[in-house]
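Here is how the chains run, residue by residue.
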Amino acid sequence: MNTIGFIGCGNMGGAIARAVCKTLAPEQVLLANRTRAKAEALAAELGCRTATNEEVAACCGWIVLAVKPQMMAGVLEGLRPMLAARKDRFVLCTLAAGLSMARIREMAGGAYPVLRMMPNTPAAAGSGMIQYCSEGVTPEEEAEFCRMLSGAGRLDPLDEGLIDAASCVSGCGPAWAYQFIEALADGGVACGLPRAKAQQYAAQMLLGSAKMVLESGQHPGALKDAVCSPGGSTIQGVRLLEERGFRGAVTDAVIAAYDKTREMGKG
C-alpha cells in the first residue's frame, strides 16, 4: 500500500498532501480535484502526478477523501464501481467533519477499511494536530499512516465519539488563533508599532506560549499567573479580558462549532 491518492486538493487536502510529500516520493502521490487546475498547480509545486477521482479509487492503497461533508455522498456514489471491482487491499481515509466511519462505508457501498482523521491547516507547516480513529485497519497500516503523516505534526488516536469535539478545538481553532493574532497586532499598531512588526511579535508570542504549554506540562492558568506581576500591566489586561467575557466567548465558539458539526453529520 505504498501509493496515496487525494480526492480534493483544497486547503485541508493540500495541507495533508504537502505533509505526506515530506516522507513519500512524489511518484507515490496522486492528486485529483473537481477543478483540475487546482490539482495541477499543487502537483507542480510538489512534483506529484495528477489523476481523476476514478483513477485514484482504482489504484491507490490509501484513498484520501478530502471533500466537503455535503459533497461526500455524491463523490463516493461515483466511485462505487471502481472500489467494488478492486481485488487488492485499500483504505478509505476521510477528512470530512461530522461523517462517521459507518456513514462513509455506507456511502462507499462496502465494509472497507476506513481511517477517519481530523487534521488542521498548520499541518502544511509541520505543526499540525491530527486526531484519528479507524475501523478494519491493521496495526501495521496504522503505523504506516502515522509514518506518512509524521511530517504534519502531532498525531493522536482518539475514540470516534470524541473526534467531533477534538476537531472543534484544533481543527477550527486556527481561525480563532489568527483572529487573536490580528487583534493583538491591531492593538500594537494603535500603540504606534509598524504593522509588520506588530504581526511578527504577536505570532511569535503565540507560538512560544503554545510551546510552553506543551513542553512544561503546567496548567495554562499557572503560566498566566507567572506573567502577571502584582500591580503590573498584564493583570490589567487580564482584568479587561475577563470583564469583556473573553474566555466565555472562546468556549461558546467551540460549542457553536461542535453543534454545527453534529448537524452536518445528521444531514
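Here the structure is a predicted model, which is why all the values come from computation and not from measurement. (Residues numbered from 1 in each chain as written. Predicted model: local features only at pLDDT ≥ 70, side-chain atom pairs only at ≥ 80, totals over all residues. Heavy atoms only, no water.)

Is there a simple way to explain the overall build of the chain in this structure?
The helix and strand inventory of the chain stands at twelve helices and eight strands. If one aligns the C-alpha atoms of the chain with their principal axes, the spans along those axes are about 70 × 35 × 30 Å. By residue count, 37% of the 267 residues in the chain fall in the buried class. A sequence separation of at least 24 residues applies to 62% of the contacts in the chain between residues at least 6 apart. Mean positive and mean negative side-chain charge positions of the chain (26 and 26 charges, respectively) differ by 4 Å. (Helix = DSSP H or I, 4+ residues; strand = E, 2+ residues; numbered from the N terminus. Buried < 20%, exposed > 50% of the residue type's maximum accessible area, 1.4 Å probe, protein only. Contact = heavy atoms within 4.5 Å. Lys, Arg positive; Asp, Glu negative; His and termini not counted. Charge placed at Lys NZ, Arg CZ, Asp CG, Glu CD.)

Looking at this model, I keep getting lost on the environment of I4. Mind explaining?
Mapped onto the fold, I4 is located in strand β1 (residues 4-7). Classification of I4 as buried rests on a relative accessible area of 2%. Between the alpha carbons of I4 and C60 there is a distance of 5.4 Å; along the sequence they are 56 residues apart. Non-local contacts of I4, meaning those with residues more than four positions away in its chain, are made with V20, L24, Q28, V29, L30, C60, W62, V64 and M148.

Mind showing me how you'd approach the nonpolar core here?
Soluble globular proteins: nonpolar side chains tend toward being buried together. In this structure, I4, F6, I16, V29, L31, L115 and M117 are the most contacted members of the largest nonpolar core, which totals 32 residues. Once residues within four sequence positions are removed from consideration, F6 is found in contact with G13, I16, A17, V20, V29, L30, L31, A32, V56 and V64. Among the nonpolar cores identified, the runner-up in size contains 28 residues, and L30, C60, L76 and M118 belong to it. (Core = buried A, V, L, I, M, F, W, Y, C linked by side-chain atoms within 4.5 Å.)

How do you make sense of the state of the cysteines when you look at a structure like this?
Joining two cysteines, a disulfide is a covalent bond between their sulfur atoms. Taken as a whole, this structure holds zero disulfides when the rule is applied. Unpaired in terms of disulfides, C9 finds its nearest cysteine sulfur in C48, a separation of 9.0 Å. The exposure class of C9 is buried, given its relative accessible area of 6%. Cysteine C172 shares no disulfide, and the gap to the nearest cysteine sulfur, in C168, comes to 4.5 Å. Overall, C172 belongs to the partly exposed group, its relative accessible area being 27%. (Disulfide = S-S within 2.5 Å.)

I keep staring at the side chain of N33 and nothing clicks. Help me out?
Locating N33 in the fold gives a position in the loop between β2 (29-32) and α2 (36-46). Of the residues examined, N33 reaches a relative accessible area of 19% and is grouped as buried. A distance of 2.7 Å separates a polar atom in the side chain of N33 from the backbone nitrogen of C9. (Polar contact = N/O pair within 3.5 Å; in protein donor to acceptor, adjacent residues only side chain to side chain.)

Whenever I open this one, a nonpolar patch on the surface confuses me. Can you help?
A cluster of nonpolar side chains, contributed by L241, F246 and V250, occupies part of the molecular surface with about 230 Å² of accessible area. Tracing the backbone through its elements, the reader meets F246 in helix α12 (residues 246-266). (Patch = residues over 30% accessible without salt bridge, like charges linked within 9 Å, V, L, I, M, F, W, Y side chains within 5 Å. Areas by Shrake-Rupley, 256 points an atom, 1.4 Å probe, with all protein chains shown as cover. Salt bridge = Lys/Arg side-chain N within 4 Å of Asp/Glu carboxyl O.)

What's the story with helix α5 (residues 101-108) in this structure? I'm lost.
Two residues of an α-helix separated by three or four positions point the same way, owing to the 3.6 residues in each turn. Where α5 is concerned, the buried positions are M101, I104, M107 and A108. All buried residues of α5 lie within an arc of 120 degrees about the axis, which places them on one face of the element. Residues A102 and E106 are exposed on α5 and point more than 90 degrees away from its buried face. On its buried side, α5 packs onto β4 (62-65), α4 (69-85), β5 (91-94), β6 (114-118), β7 (128-135) and α7 (160-171). Following α5 by one or two positions, G109 adopts a phi angle in the positive range, close to 85 degrees. (Arc of directions from axis to C-beta.)

When you look at the packing of helix α8 (residues 173-190) against helix α9 (residues 195-216) in this model, what are you seeing that I'm missing?
If you want to describe how two helices pack, look at the angle between their axes and the distance between the axes. Where α8 contacts α9, the two axes come as close as 8 Å, and the packing angle between them is 135 degrees. Classified by the interaxial angle, the pair formed by α8 and α9 is oblique. Crossing of α8 against α9: the hand is right-handed. Two secondary-structure elements touch here, α8 through A177, F180, I181, E182, L184, A185, D186, G188 and V189 and α9 through R195, A198, Q199, A202, A203, M205 and L206. When its residues are assigned to classes, the contact of α8 with α9 shows eleven nonpolar, two polar and three charged. (Axes fitted to C-alpha atoms, helices over the stretch in contact; angles between N-to-C directions. Parallel < 35°, antiparallel > 145°, perpendicular 65-115°, else oblique. Left-handed = near helix turned anticlockwise from the far one by under 90°. Nonpolar A, V, L, I, M, F, W, Y, C, P; charged D, E, K, R; others polar.)

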